[in-house]
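Inside the fold
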Amino acid sequence: LLVPVSFIVVGLGQVFWSNKFYDTPVKTINGTINLNKQWPAGTILIPAKTVEQALNFINSNTSKNDQIFVSPYMAGLYFLSDRPSKSYVGNILYSYVPNEDEFVESLKSLKVKIVIYDPENGPQGLNPELKRLRSIYPKIDRYIMDNFNVVEKSPEGWLFMIQKHP
């Protein structure tokens, strides 16, 4: 009897926590989602204001058929903005890119118009260098930084970038 009761209590606690934490509705082309208002530093959670900023940037700078690239861990923007990715890897931080040169060539061939990129932040760990996408995939980072201009930046460090030479 103690085990089922403890599951119920834990489940109710999670419901109350998530309702309090995910407290900010964000309207998208595919409906409304609830996100956190604040950015918990050292996490990969993205606050509602930054997701809205990203969606506004995508909608202002692309048409429905344009390719975007989002990295490392906001891949949900492909769905939320109705801009499906044609890349063979949707989330390169938690996937494995076996060949960086091939991946960069695939980005070139997709004619990516904008990039939403966070080269610095990631989940906290024992080795702070490991959390940085630019240290995991330096060739991808170099391609992005060389071929896209930063137009906007979020408080957490997300770069909203547009192609230099369309």
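These lines cover the structure that appears in this document, whether it is placed above or below. (Residues numbered from 1 in each chain as written. Predicted model: local features only at pLDDT ≥ 70, side-chain atom pairs only at ≥ 80, totals over all residues. Heavy atoms only, no water.)

**Quick look at the nonpolar core**
Of all hydrophobic cores here, the largest spans 38 residues; its most connected members are Val51, Phe69, Met74, Leu77, Ile92 and Ile116. Looking at this core, the elements that each hand over two or more residues are α2 (48-61), β3 (68-71), α3 (76-80), α4 (100-110), β4 (114-117), α6 (138-147) and β6 (159-163). Residue contributions to this core peak at six residues, all from α2. Ignoring anything within four residues of it in the chain, the contact list for Ile92 reads Phe69, Ser71, Pro72, Val97, Phe103, Leu133, Tyr137 and Ile140. (Core = buried A, V, L, I, M, F, W, Y, C linked by side-chain atoms within 4.5 Å. Buried < 20%, exposed > 50% of the residue type's maximum accessible area, 1.4 Å probe, protein only. Helix = DSSP H or I, 4+ residues; strand = E, 2+ residues; numbered from the N terminus. Contact = heavy atoms within 4.5 Å.)

**Observations concerning the layout of surface pockets**
Left-over empty space is what a probe sized like a water molecule reveals as it rolls over the atoms. When its volume is computed, the largest pocket comes out at roughly 200 Å³. Of all the elements in the fold, those that place two or more residues in the lining of the largest pocket are β2 (31-35) and α3. Ranked by the residues each element gives to the lining of the largest pocket, the list is headed by α3, at three residues. A per-class count over the lining of the largest pocket returns 12 nonpolar, two polar and no charged. (1 Å grid on protein atoms, 1.4 Å probe; cavity = no way out; pocket = protein on both sides within 12 Å on 5 of 7 lines; lining within 4 Å. Points joined across faces, edges and corners; volume = space filled by probe spheres on them. Nonpolar A, V, L, I, M, F, W, Y, C, P; charged D, E, K, R; others polar.)

**With respect to the side chain of Ser154**
Here Ser154 shows up in the loop between β5 (148-153) and β6. In this structure the side chain of Ser154 is engaged in a polar contact, spanning 2.9 Å, whose partner is the side chain of Glu156. The residues contacting Ser154, other than those within four sequence positions of it, are Thr50, Gln53 and Phe160. (Polar contact = N/O pair within 3.5 Å; in protein donor to acceptor, adjacent residues only side chain to side chain.)

**Thoughts on the pairing of β6**
Two faces belong to every sheet, and in a regular strand the side chains alternate between them. By the bridge criterion, four bridges tie β4 to β6 in an arrangement that is antiparallel. Residue pairing across strands places Ile114 opposite Ile162, the latter belonging to β6. The turn linking β5 back onto β6 is made up of five residues, and Gly157 within it adopts a positive phi angle of 115°. (Pairing = 2+ DSSP bridges.)

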